[in-house]
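# Understanding the architecture of this molecule
Here's the letter readout for the chains.
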Amino acid sequence: MARIYTKTGDQGETGLFGGGRVPKDHPRVTAYGEVDELNAAVGFAASLEPQDFDAAFLETIQRDLFTIGAELASPDPRKLDKALGGPQGDLIGEAQIGMLEHMIDGHEAQLPPLRNFILPGGTPKAAAFHLARTVCRRAERSVVALARQQTISPAIVQYLNRLSDLLFVLARAVNAQAGRSDVTW
């Protein structure tokens with residue numbers, strides 16, 4: 001089995017998907033690193049009880065986040081296509097964004113309308129969704145900053161924007177399922 005450490009990053013550089021090296025503090029690395037952190041935060045939220053709460057959908061989100069990370073880690077779409085075995089087109093697009101909107105609408109229909117800001121918290125799973133939401137907003141800001149400098153699919157920003165809304169709604173929904181009311185500010 002190959003070792004996990006390669007020592008290729010010991011001088012402060014990292015390799016991009018499809019080739020090329022950049023400093024580890026490059027905006028592209030920051031963006032995909034924060035998407036990776038978001039993926040871990042979603043995984044943590046999914047692991048908490050009740051584990052069956054939207055479990056398949058949360059796994060789909062995690063897969064989408066890996067796809068976004070691959071897009072962000074590959075500055076040349078042709079190299080990404082080659083690495084993935086052929087033309088990929090838009091990896092994240094309207095279908096995935098629409099799926100998030102559908103989930104938001106479905107959960108919101110079951111929740112009382114908001115009239116105030118709410119404090120993040122409640123059950124451990126709800127608190128984890130709130131934390132994932134804030135990580136998502138940070139990742140979104142990093143992707144927006146990168147998009148000012150380099151070409152990034154606009155669908156990635158839209159997806160992250162919708163995902164942060166969904167994570168907020170999921171926090172409310174899991175609290176409601178547990179009989180916990182929103183705590184207003």
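Here, the structure is the one placed above.
These figures come from a predicted structure and were not determined experimentally.

Summing up its helical and strand segments, the chain has 6 helices and 2 strands in all. Starting at the N terminus and ending at the C terminus, the chain contains elements arranged as β-β-α-α-α-α-α-α. Burial status across the chain gives 42% buried among its 185 residues. Counting contacts in the chain only where the partners sit at least 6 residues apart, residues at least 24 apart contribute 76% of the total. Carbon and sulfur atoms make up 54% of the accessible area of the chain, which amounts to about 10600 Å² in all. Distance between charge centroids for the chain: 6 Å, based on 19 positive and 22 negative side chains.

In this section: the pattern of salt bridges. Under the counting rule described, the total for this entry stands at 7 salt bridges. Of the charged contacts, one joins E101 and R162 as a salt bridge, the two residues approaching to 2.7 Å between their closest N and O atoms. Placement of the pair is E101 in helix α4 (residues 94-108) and R162 in helix α6 (residues 154-177), with a sequence separation of 61 residues. Taking relative accessible area as the criterion, E101 reaches 32% and is therefore assigned partly exposed. Residue class for R162 comes out partly exposed when judged on its relative accessible area of 21%. Between R137 and E140 there is a salt bridge; the shortest N-O distance is 3.0 Å. Placement of both R137 and E140 in helix α5 (residues 124-149) is noted, with a separation of 3 residues, approximately one turn of the helix. Taking the relative accessible area as the measure of exposure, R137 reaches 27% and is therefore partly exposed. By sharing partners, the salt bridges in this structure join E34, E37 and R138 into a single network.

This part covers helix α2 (residues 55-72). Over its 18 residues, α2 extends 26 Å from the first C-alpha to the last, a length consistent with the 26 Å expected when each residue adds 1.5 Å. Looking only at α2, the buried set comprises F57, L58, I61, D64, L65, I68, G69, A70, E71 and L72.

Another aspect to go through is the packing of α4 against α6. Interhelical geometry of α4 versus α6 gives an angle of 20° and a closest axis separation of 9 Å. Considering their axes alone, α4 and α6 lie roughly parallel with respect to each other. Here α4 and α6 pass one another in a crossing that is left-handed. On α6, the residues that touch Q96, I97, L100, E101, M103, I104, H107 and E108 of α4 are A155, Q158, Y159, R162, L163, D165, L166, V169, L170 and A173. Partitioned by chemical class, the residues of the contact of α4 with α6 number 11 nonpolar, 3 polar and 4 charged.

This part takes up the packing of aromatic side chains. A ring pair, where both rings are aromatic, is described by two values, the distance of the centres and the angle of the planes. Following the criterion strictly, the structure yields 2 aromatic pairs and no others. Seen in terms of ring centroids, F53 and F129 are 6.1 Å apart; in terms of plane orientation they differ by 55°. Their pairing is tilted. Here F53 is found in the loop between α1 (27-47) and α2, whereas its partner F129 is found in helix α5, with 76 residues between them in sequence. Residue F53 is classed as buried on the basis of its relative accessible area of 8%. Overall, F129 belongs to the buried group, its relative accessible area being 0%. Ring plane angle 70° and centroid distance 5.9 Å describe the contact between F117 and W185, whose orientation is recorded as edge-to-face. Here F117 is found in the loop between α4 and α5, whereas its partner W185 is found in the segment after α6, with 68 residues between them in sequence. On the basis of relative accessible area, F117 is assigned to the exposed category, the value being 64%.

Next up on the list: the environment of R141. With respect to the helices and strands, R141 occurs in helix α5. Each C-alpha atom of the pair R141 and R78 lies 26 Å from the other, and the pair is 63 residues apart in sequence.

With respect to the secondary-structure elements, R28 resides in helix α1. Buried within the structure, R28 lacks any salt-bridge partner; E71 is the closest side chain of opposite charge, at an N-O distance of 8.8 Å. Within the local environment of R28, its side chain forms a polar contact with the backbone oxygen of L72, the two atoms lying 2.6 Å apart. Excluding anything up to four places from it in sequence, R28 contacts L16, E71, L72, A73, S74, P75, L146, Q150 and I152.

What counts and what doesn't
Residues numbered from 1 in each chain as written. Predicted model: local features only at pLDDT ≥ 70, side-chain atom pairs only at ≥ 80, totals over all residues. Heavy atoms only, no water. Helix = DSSP H or I, 4+ residues; strand = E, 2+ residues; numbered from the N terminus. Buried < 20%, exposed > 50% of the residue type's maximum accessible area, 1.4 Å probe, protein only. Contact = heavy atoms within 4.5 Å. Areas by Shrake-Rupley, 256 points an atom, 1.4 Å probe, with all protein chains shown as cover. Lys, Arg positive; Asp, Glu negative; His and termini not counted. Charge placed at Lys NZ, Arg CZ, Asp CG, Glu CD. Salt bridge = Lys/Arg side-chain N within 4 Å of Asp/Glu carboxyl O. Expected span 1.5 Å × (residues − 1). Axes fitted to C-alpha atoms, helices over the stretch in contact; angles between N-to-C directions. Parallel < 35°, antiparallel > 145°, perpendicular 65-115°, else oblique. Left-handed = near helix turned anticlockwise from the far one by under 90°. Nonpolar A, V, L, I, M, F, W, Y, C, P; charged D, E, K, R; others polar. Phe/Tyr/Trp six-rings, centres within 6.5 Å; stacked < 30°, edge-to-face > 60°. Polar contact = N/O pair within 3.5 Å; in protein donor to acceptor, adjacent residues only side chain to side chain.

By themselves these figures say nothing about function.
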